[in-house]
Amino acid sequence: MEPPTQRDIGGVVLDDDTYTVKQSHFRNKYKVYDSAGNLVLKSKQKLFKMKKEFPFYDADGNVVFRVKAKNVFDVAGDYVLVDERSGDPVLVLNKNFTFFHHRWTIQLPDGTELAEVASRSAVLEALRSLVDVLSFLPHKYSITSPEGDSIGEIQGHFSLRDKYDVRIHDTGSIPKTALVAGAIAIDALEGN
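Residues numbered from 1 in each chain as written. Predicted model: local features only at pLDDT ≥ 70, side-chain atom pairs only at ≥ 80, totals over all residues. Heavy atoms only, no water.

Focus: the environment of H157
Logical step 1: Considering the arrangement of structural elements, one finds H157 in the loop between β11 (150-156) and β12 (163-168).
Logical step 2: The exposure class assigned to H157 is partly exposed, which follows from its relative accessible area of 30%.
Logical step 3: In this structure, the C-alpha to C-alpha distance between H157 and H139, residues 18 residues apart in sequence, is 8.1 Å. (Helix = DSSP H or I, 4+ residues; strand = E, 2+ residues; numbered from the N terminus. Buried < 20%, exposed > 50% of the residue type's maximum accessible area, 1.4 Å probe, protein only.)

Next up, the structure:
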């Protein structure tokens, strides 16, 4: 099989190395900025839907992709990132359910694994699950290739509203746009 190539999703190209994501106070609304401070994506969760759904918009307000739950009652967390232009699934985000560790796999629709996004501290994740007051502590995730090489991280900030950076290193043949979109969607789905 040919390795995945660098490409856009929904007409947006995310080829910067660092993105800052800011969440609003009251609901899952996100704004994503590149390293120059330009708004590149925004999103808000659809309220009162049986299935979780997050449309992502470009800076002009056009929907570029959607993240949708595969099932109505999705305990484990299987989500599909769908390109708005074509209607085709582009990525599958699979949550490997554990109480102590948040671990997600970013895959192509054919099952080819692109990366794993995992929380760095099992102890801290367990405490967050048990004690709500600790939920303000910033999250930290590592992003690794299928071979186990570090290709990025998600680093939260101490802030009144959720704010974090997605940093991407050399991804090799892994499409950077897919990796950034998947990492941002995972944080939204975790409700961080």
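A word on the pairing of strand β4 (residues 53-57)
Logical step 1: Summarising burial for β4: five of the five residues are buried, a large majority.
Logical step 2: Across the two faces of β4 the burial is the same, with E53, P55 and Y57 and F54 and F56 all buried.
Logical step 3: The sheet contact formed by strand β3 (residues 39-44) and β4 spans two bridges and is antiparallel. Bridge assignment links S43 to a residue of β4, and that residue is F56.
Logical step 4: The hairpin formed by β4 and strand β5 (residues 63-69) contains five residues between the paired strands, and G61 there has a positive phi angle of roughly 90 degrees. (Pairing = 2+ DSSP bridges.)

So, the nonpolar core
Logical step 1: With 44 residues, the main nonpolar core has F56, F65, V67, L93 and I143 as its most contacted residues.
Logical step 2: Top contributing element to this core by residue count: helix α2 (residues 176-190), with ten residues.
Logical step 3: Among all residues touching V67, those that are not within four sequence positions of it are K52, E53, F54, F56, Y79, V80, L81, L93, A185 and L189. (Core = buried A, V, L, I, M, F, W, Y, C linked by side-chain atoms within 4.5 Å. Contact = heavy atoms within 4.5 Å.)

As for the environment of V180
Logical step 1: Looking at where V180 falls in the secondary structure, it is placed in helix α2.
Logical step 2: Its relative accessible area of 0% is what places V180 among the buried residues.
Logical step 3: Considered as a pair, V180 and D16 are 164 residues apart in the sequence and their alpha carbons are 9.4 Å apart.
Logical step 4: Look past the residues within four positions of V180 in its chain and what remains in contact with it is L14, Y19 and I168.

So, the packing of aromatic side chains
Logical step 1: The full count for this structure, using the stated rule, is two aromatic pairs.
Logical step 2: Centroid distance F56 to F65: 4.6 Å. Interplanar angle 20 degrees. Geometry classified as stacked.
Logical step 3: We classify F65 as buried; its relative accessible area is 1%.
Logical step 4: Judged by centre distance (6.0 Å) and plane angle (40 degrees), the ring pair of Y79 and W104 falls under tilted. (Phe/Tyr/Trp six-rings, centres within 6.5 Å; stacked < 30°, edge-to-face > 60°.)

Topic: the pattern of salt bridges
Logical step 1: Taken as a whole, this structure holds five salt bridges when the rule is applied.
Logical step 2: D17 is the partner of K176 in a salt bridge, and the nearest nitrogen-oxygen pair spans 2.6 Å. One end of the pair, K176, is in helix α2; the other, D17, is in the segment before β1 (18-23), with 159 residues separating them in the sequence.
Logical step 3: Note that E116 and R103 form a salt bridge whose closest N and O atoms lie 2.8 Å from each other. With E116 in strand β9 (residues 113-119) and R103 in strand β8 (residues 103-107), this pair connects stretches of sequence that are 13 residues apart. (Salt bridge = Lys/Arg side-chain N within 4 Å of Asp/Glu carboxyl O.)

So, the confidence of the model for the chain
Logical step 1: When pLDDT is averaged along the chain, the result is 78; 72% of the residues meet or exceed 70.
Logical step 2: Below pLDDT 50 for its whole length, residues 1-6 participates in 13 contacts with residues either more than four positions away or in separate chains. (pLDDT = per-residue confidence, 0-100.)

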